[in-house]
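Take a look at the letters that make up each chain.
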Amino acid sequence: CATTSKIAAADDILEFAIGLQNNDPYKIERHLDREALKRQANFIARDVAIDQVTKQMGNDLKAKLAAVALANLAKPIVDMVTDEALSPENLSYFAQKAGLNQNLKLPSRFKTSLALQYISDTKVCIPDDNTKKCILYFGQYPDGWKLYAIDEDALRARLKSKNYSL
């Protein structure tokens with residue numbers, strides 16, 4: 001059963017990778033649970049913003065409270081950062097970390113299925129080539145397998161590297 005799930009997932013994940021490779025918005029969107037990803041990215045973007053403001057203002061309780069208040073007031077900016085986190089450029093970045101390099105020939109369905117880590121009958125992940133830790137999480141939906149989460153540490157690091165600030 002796990003092998004069947006992984007092979008079915010591999011087909012959709014390869015289609016997603018082809019969408020990223022060809023910058024095809026339809027194929028990309030078809031394999032995203034955008035709402036789940038948006039919730040995750042929004043939480044992390046807000047947290048990164050609070051951390052950055054706290055560091056600028058000092059690490060005491062007053063600074064943390066002010067940072068939370070500022071992050072709440074800056075919701076449109078946090079929302080913009082969230083949208084940027086889910087841009088094709090950033091999705092491609094995470095796909096490349098998982099071994100789906102845009103400049104290389106994509107692996108076969110069989111090789112892709114071998115690379116997937118089985119989580120449950122309806123969930124698989126692709127590990128980072130370097131750390132071997134899951135980086136992209138895909139779930140089975142009625143209309144196919146979709147990316148529903150990105151490793152939080154990797155997403156947090158990517159957002160920090162972009163130097164977004166409130």
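Let us look at the structure shown here. These numbers come from a predicted model, not from an experiment.

## As for the nonpolar core
- Ranked by internal contacts, the top residues of the largest apolar core, which has 32 residues, are Leu-136, Phe-138, Leu-147, Leu-155 and Leu-159.
- At the level of secondary structure, the elements contributing two or more residues to this core comprise α1 (2-21), α3 (34-57), α5 (75-85), α6 (88-97), β2 (123-127), β3 (134-141), β4 (144-150) and α8 (152-161).
- Residues within four places of Leu-136 in sequence aside, it is in contact with Phe-94, Ala-95, Ala-98, Val-124, Cys-125, Ile-126, Leu-147, Ala-149 and Ile-150.

## Notes on the pattern of salt bridges
- Considering all chains together, one arrives at seven salt bridges under this definition.
- Here Arg-34 and Glu-29 are joined by a salt bridge, their closest N and O atoms 2.4 Å apart.
- The exposure class of Arg-34 is partly exposed, given its relative accessible area of 28%.
- Look at Glu-29 and you get partly exposed, because its relative accessible area is 36%.
- In this structure, Arg-158 and Glu-89 form a salt bridge, with 3.5 Å as the shortest nitrogen-oxygen distance.

## Section: the environment of Lys-38
- Mapping Lys-38 onto the fold places it in helix α3.
- In this structure, the C-alpha to C-alpha distance between Lys-38 and Ala-85, residues 47 residues apart in sequence, is 8.6 Å.
- Those residues in contact with Lys-38, other than ones at most four positions away along the chain, are Thr-82, Asp-83 and Leu-86.

About the criteria used
Along each chain, numbering runs from 1 in the same order as the chain's sequence is written. Where totals are concerned, whole chains, interfaces and linings use all residues; where local detail is concerned, this predicted model gives features only for residues with pLDDT of at least 70, and gives and counts side-chain atom pairs only at 80 or more. Side-chain descriptors were evaluated using all non-hydrogen atoms of the structure, hydrogens and water having been removed beforehand. We call a set of buried residues a nonpolar core when its members are Ala, Val, Leu, Ile, Met, Phe, Trp, Tyr or Cys and they connect through side-chain atoms within 4.5 Å of each other. Under the scheme applied here, a residue whose accessible area is under 20% of the maximum for its type counts as buried, over 50% as exposed, and between as partly exposed, the area being computed with a 1.4 Å probe on protein chains only. Secondary structure elements follow DSSP: runs of H or I no shorter than four residues count as helices, runs of E no shorter than two count as strands, and numbering proceeds from the N terminus. Should any heavy atoms of two residues lie within 4.5 Å, those residues are counted as being in contact. Only one rule defines a salt bridge in this text: a Lys or Arg side-chain nitrogen within 4 Å of an Asp or Glu carboxyl oxygen.

Interpretation in functional terms is not warranted from these geometric data alone.
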